[in-house]
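# Descriptive structure summary
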Amino acid sequence: MTVLEIEGLDAGYGDLQILSNVDMTVEDDEYVTIVGPNGAGKSTAMKSVLGLTTYMDGSITLNGESVEGMDTNAVIERGVSYVPQSDNLFPSMTVRENLLMGAFSLPEVPEDRLEEILNRFPILKERQRQRAGTMSGGQQQMLAMGSALMVDPDILLLDEPSAGLAPDLVEDMFDRIDEINAAGTAVLMVEQNAKKALRRCDRGYVLVNGENAYEGLGDELLHDQEVRERFLGG
Ligand SMILES: Nc1ncnc2c1ncn2[C@@H]1O[C@H](COP(=O)(O)OP(=O)(O)OP(=O)(O)O)[C@@H](O)[C@H]1O
């Protein structure tokens, strides 16, 4: 089943249009990556799903229900979780408190949910009493993902999860994302680390100047000569 369908989307900020006629879909078991040059509108596409941009035209459907024009909380209640690129946790709260905050929108946190997330991210289990702000960048990024998973979303939106991480931590981060997807959560991710991301994901979209430029299986895009030369450094 299709969890997210964006069709002919025009969106931007105030009067400024950034996206033109953007189409994207994510099936409920898929891992999809958006790549493209700086300023292409990748984050804007993701933020549009959450009602954080100015909607202009087109449609956005979540689990078959139209969400364009809905406020962010209403979208989140419909099965979306989002990890922004920065400011994605509460630095002075502990790891455990941050995770519980992730479930803030739920009327009640399912009993085994916290345990499940702690087991999935051993580093968080080890450091549950530590203040989030004192952890390394990679650990903080794991915590932000763990918090986003507390609501057991149908789709997880990740904005540049590897930003600022050392190369070995990038692979570790991508391993975690593979696991999350394998456990049944659809993933839509924006990544600067385009080659690594396309190697891992099922499908990818290349956005350029706010428009769809290429799309295909991750492997197809990786081996497409034009995509390689224009966006992947040859
Ligand atoms: N809140 C905002 N208000 C006005 N313009 C914005 C806002 N956020 C982003 N923009 C502009 O929208 C355009 C697309 O930005 P966006 O962040 O979506 O690009 P991106 O593809 O994610 O690039 P990057 O990799 O640099 O983050 C840019 O020109 C940016 O300056």
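Refer to the structure above for everything that follows.
Residues numbered from 1 in each chain as written. Predicted model: local features only at pLDDT ≥ 70, side-chain atom pairs only at ≥ 80, totals over all residues.

## Describing the sheet that holds strand S6 (residues 80–83)
With respect to topology, 6 strands assemble into an open sheet ordered S6-S7-S8-S3-S9-S10, the strand pairing being mixed. One side of each edge strand has no neighbouring strand; the edge strands of this open sheet are S6 and strand S10 (211–217). The sheet shows a mean angle of 15 degrees between the axes of neighbouring strands, direction not considered. Relative to strand S8 (residues 186–190), strand S7 (residues 155–159) is paired through 5 bridges, and the arrangement is parallel. Paired with Leu-157 across the strands is Leu-188, a residue of S8. Running over the sheet, helix H7 (residues 167–182) touches strand S3 (31–35), S7 and S8 and is turned about 150 degrees from S8. (Pairing = 2+ DSSP bridges. Helix = DSSP H or I, 4+ residues; strand = E, 2+ residues; numbered from the N terminus. Axes fitted to C-alpha atoms, helices over the stretch in contact; angles between N-to-C directions. Contact = placed C-beta atoms within 7 Å.)

## Details of the site of the ligand
Around the ligand sit 13 residues, and of these Tyr-13, Asn-38, Lys-42, Ser-43 and Thr-44 come closest. When contributions to the shell around the ligand are tallied by element, the ones reaching two or more residues are strand S2 (16–27) and helix H1 (42–49). No other element matches the 3 residues that H1 contributes to the shell around the ligand. Taken together, the residues that form the shell around the ligand break down as 5 nonpolar, 7 polar and 1 charged. (Near = placed C-beta within 6 Å. Nonpolar A, V, L, I, M, F, W, Y, C, P; charged D, E, K, R; others polar.)

## Focus on the environment of Glu-27
With respect to the element layout, Glu-27 can be found in strand S2. With 26 residues separating them in the primary sequence, Glu-27 and Met-1 have C-alpha atoms 5.7 Å apart. Once you skip the residues sitting within four places of it in the chain, Glu-27 turns out to touch Met-1, Thr-2, Val-3 and Ala-186.

## Comments concerning the pairing of strand S1 (residues 2–13)
Pairing between S1 and S2: 8 bridges, direction antiparallel. When the bridges of S2 are listed, Tyr-13 appears paired with Leu-16. Linking S1 to S2, which pair antiparallel, is a turn of 2 residues; within it Gly-14 sits at a positive phi near 60 degrees.

## Some thoughts on the nonpolar core
Ranked by internal contacts, the top residues of the largest apolar core, which has 63 residues, are Leu-4, Ile-155, Leu-156, Leu-157, Val-187 and Leu-188. Counting the residues that make up this core, at least three belong to each of domain 1 (2–79 + 153–231) and domain 2 (88–152). If we skip the residues at most four places from it in the chain, Leu-157 touches Met-46, Val-49, Val-80, Ser-81, Tyr-82 and Leu-188. (Core = buried A, V, L, I, M, F, W, Y, C linked by C-beta atoms within 7 Å. Buried ≥ 20, exposed ≤ 12 C-beta atoms within 10 Å, placed from the backbone. Domains from an automatic or database assignment.)

## Some details on the sheet that holds strand S5 (residues 65–66)
Hydrogen bonds between backbone atoms are what pair the strands of a sheet, whose relative direction is either parallel or antiparallel. An order of S2-S1-S4-S5 is seen for the 4 strands of this open sheet, with the pairing classed as antiparallel. Single-partner strands in this sheet number two, and they are S2 and S5. Alignment of S1 against strand S4 (residues 54–62), held across 7 bridges, turns out to be antiparallel. Following the sheet pairing, Glu-7 is matched in S4 by Ser-59. Across the sheet, H1 is in contact with S1, S2 and S4; its angle to S2 comes to roughly 70 degrees.

Don't take any of this as a statement about function, it's just geometry.
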